[in-house]
Protein chains: 4
Amino acid sequence: MTAFLTQQTVRFGHVDPAGIAYYPRIYDYIHEAFEELWERHVGVLYYHLIQERKIGFPLVHSEVDFANPLRFGDRPVVRVTCFQIGRASLGLRYLYSLDKASCIDARMITACINLERMQSIPIPSEYRGRFESILEPLPAKETRKR
Amino acid sequence: MTAFLTQQTVRFGHVDPAGIAYYPRIYDYIHEAFEELWERHVGVLYYHLIQERKIGFPLVHSEVDFANPLRFGDRPVVRVTCFQIGRASLGLRYLYSLDKASCIDARMITACINLERMQSIPIPSEYRGRFESILEPLPAKETRKR
Amino acid sequence: MTAFLTQQTVRFGHVDPAGIAYYPRIYDYIHEAFEELWERHVGVLYYHLIQERKIGFPLVHSEVDFANPLRFGDRPVVRVTCFQIGRASLGLRYLYSLDKASCIDARMITACINLERMQSIPIPSEYRGRFESILEPLPAKETRKR
Amino acid sequence: MTAFLTQQTVRFGHVDPAGIAYYPRIYDYIHEAFEELWERHVGVLYYHLIQERKIGFPLVHSEVDFANPLRFGDRPVVRVTCFQIGRASLGLRYLYSLDKASCIDARMITACINLERMQSIPIPSEYRGRFESILEPLPAKETRKR
């Protein structure tokens, strides 16, 4: 299995008075990693997907563990894998780490929909392979139980 | 059981090009409801808690279901209850609804910590009672399984 | 002359590590005051204006002075007046103060446009009167010079 | 004269329902360019400046012209120059453009302060030279008039 890797920076405006990334910002980081995955791994601008193909992937379920805080100036590595892929649903996992320490483990399940009809549609086959290429070998422990 | 109720507004800058609240904003709304809970239900400004008492409640685990989107101009009612309370951990549930339709069901588990030592501490007794007053009668189905 | 008054709260997530409102947030506050002005003073939801009438007021020029910082927990009063109104342009002034201390003085010039054609249009007469009712008696010193 | 150049991306969550970058986001972009200027041009992390040296550059005055909107997916080039430098004040100019079209012209005047005493201090000489290296040959027309 491979994974998509990217790196982000905890900026000045992301940090609360305690010096720690304000947690709603984490979800913003995750969306940014999602947009980068589309562009650099799938090969499609999320922009084009939405504007031209009228396809979107709204969030249906999220489950996130916060182990260690991110601080101002940190540059976490984000490791993105696919932990489940169905006909019309896509589960992506984002692991944030600093050096060897795991910081955030986020599992985000999105639905593939047609934005004009706001209806579920199958994930187009030209994209499916790209997500399968980062599929985890076995479901993660957390998700297997569900 | 009672619950803490508040209402929020989906503003212009919260909405993505599809006309739907950009989901990272939802976590910002949840934090805003959390701050209001402290001020109006517990009777303490979250500001004072952090700055003067050096106590904070960072997020440890979140689990959120998105059933129906929030759109520009929507004014969801937020119903906040406590779904679990331990010695040093606090699980709060935020149910967002529009009329009768449920939109978001968020369970957020925070830890009570001393911000100077960054260590877990017991939830101060003067606050505990306020959270117990909005305790759900039985664990929610989703959380019972865990 | 009268003015439109509102009040805002500097929340936890708005403050930078120095304990001061991260300045890009100030522009978010100003947009929020603008949306409230439409709803409570003009009597129209900015939502309806954009979605149904396809009219918007994008920013053309802004000039802002920062005299005193806003801090976590502050509840500044915002005093909104109109410092210039043209056929298709609207200059609104937002004065933020805490007790007697002035914090921010923002002059924001917007253009009235048709969002479908992206072209300048006259400010509809039914709204013009509402802005004239908060018109400053003489141009502010800052703007007279320009 | 040289200038510091960087490039930014208008992401999904930055765009309003009209498909245009929500203007308060522009100020967030400008702060991001400011942080990059420190890191890549001055050679100091803004993080270290604030946390270790207790020096900050809060905004005192901003003046921004919006000529053309930024849209979802746009990748504006940002050209940063210094339009005035005093003993304790620093005026930076950010020109956003797409191809040949100018989009935003922002002049931001900050004060150099000691964050512990919250008092104005001279710009340290080791940084001053870096800002002088991007000094505009003559004050920009907009600023000369003031």
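Residues numbered from 1 in each chain as written. Chains lettered and ligands numbered in written order. Predicted model: local features only at pLDDT ≥ 70, side-chain atom pairs only at ≥ 80, totals over all residues. Heavy atoms only, no water.

1. Some details on the sheet that holds strand 2 (residues 55–56) of chain B
All names here are of chain B.
Here is step 1: Strand order in this open sheet of 3 strands is 2-7-8, and the pairing throughout is antiparallel. Each edge of the sheet is formed by a strand with only one pairing partner; in this case those strands are strand 2 and strand 8 (119–120).
Here is step 2: For strand 2 and strand 7 (residues 113–114), the ladder comprises 2 bridges, and the chain directions are antiparallel. Bridge pairing links Gly56 to Ile113 in strand 7. (Pairing = 2+ DSSP bridges. Helix = DSSP H or I, 4+ residues; strand = E, 2+ residues; numbered from the N terminus.)

2. What about the pattern of salt bridges?
Here is step 1: According to the stated counting rule, one finds 47 salt bridges over all chains in the structure shown.
Here is step 2: Note that Arg11 of chain A is salt-bridged to Glu32 of chain D, the shortest N-O span being 2.8 Å. Here Arg11 of chain A is found in the loop between strand 1 (4–7) and helix 1 (23–42), whereas its partner Glu32 of chain D is found in helix 1 (residues 23–42) on a different chain.
Here is step 3: On the basis of relative accessibility, which here comes to 8%, the residue Arg11 of chain A falls in the buried class.
Here is step 4: Its salt-bridge partner being Glu132 of chain D, residue Arg128 of chain D comes within 4.0 Å of it at the nearest N-O pair. You can see Arg128 of chain D and its partner Glu132 of chain D sitting in helix 3 (residues 125–132), 4 residues apart, about one turn around the helix.
Here is step 5: The exposure class assigned to Glu132 of chain D is partly exposed, which follows from its relative accessible area of 40%. (Salt bridge = Lys/Arg side-chain N within 4 Å of Asp/Glu carboxyl O. Buried < 20%, exposed > 50% of the residue type's maximum accessible area, 1.4 Å probe, protein only.)

3. Concerning the environment of Gly19 of chain B
Here is step 1: By the element assignment, Gly19 of chain B lies in the loop between strand 1 (4–7) and helix 1 (23–42).
Here is step 2: For the pair Gly19 of chain B and Val64 of chain B, spaced 45 residues apart in sequence, the C-alpha separation works out to 21 Å.

4. Details of the relation of the copies chain B and chain A
Here is step 1: Once chain B is rotated about the relating axis by 180° and shifted along it by 0.0 Å, it coincides with chain A to within an RMSD of 0.0 Å. This pairing of chains is accounted for by a two-fold axis. It is Glu63 of chain B whose C-alpha, among those of chain B, lies nearest the rotation axis, at 2.2 Å.
Here is step 2: When you check the interface residues of chain B against chain A, 100% turn up at the interface there too, and the contact is symmetric in its surfaces. (Least-squares fit on C-alpha atoms with pLDDT ≥ 70 in both. Contact = heavy atoms within 4.5 Å.)

5. Details of the relation of the copies chain C and chain B
Here is step 1: Under the fitted operation, chain C is carried onto chain B by 0.0 Å of movement along the axis and a turn of 180°, and the coordinates agree to an RMSD of 0.0 Å.
Here is step 2: Taken together, the interface assignments show that 94% of the residues at the interface of chain C recur at the interface of chain B, consistent with an identical surface on both copies.

Read these as geometric descriptors, not functional statements.
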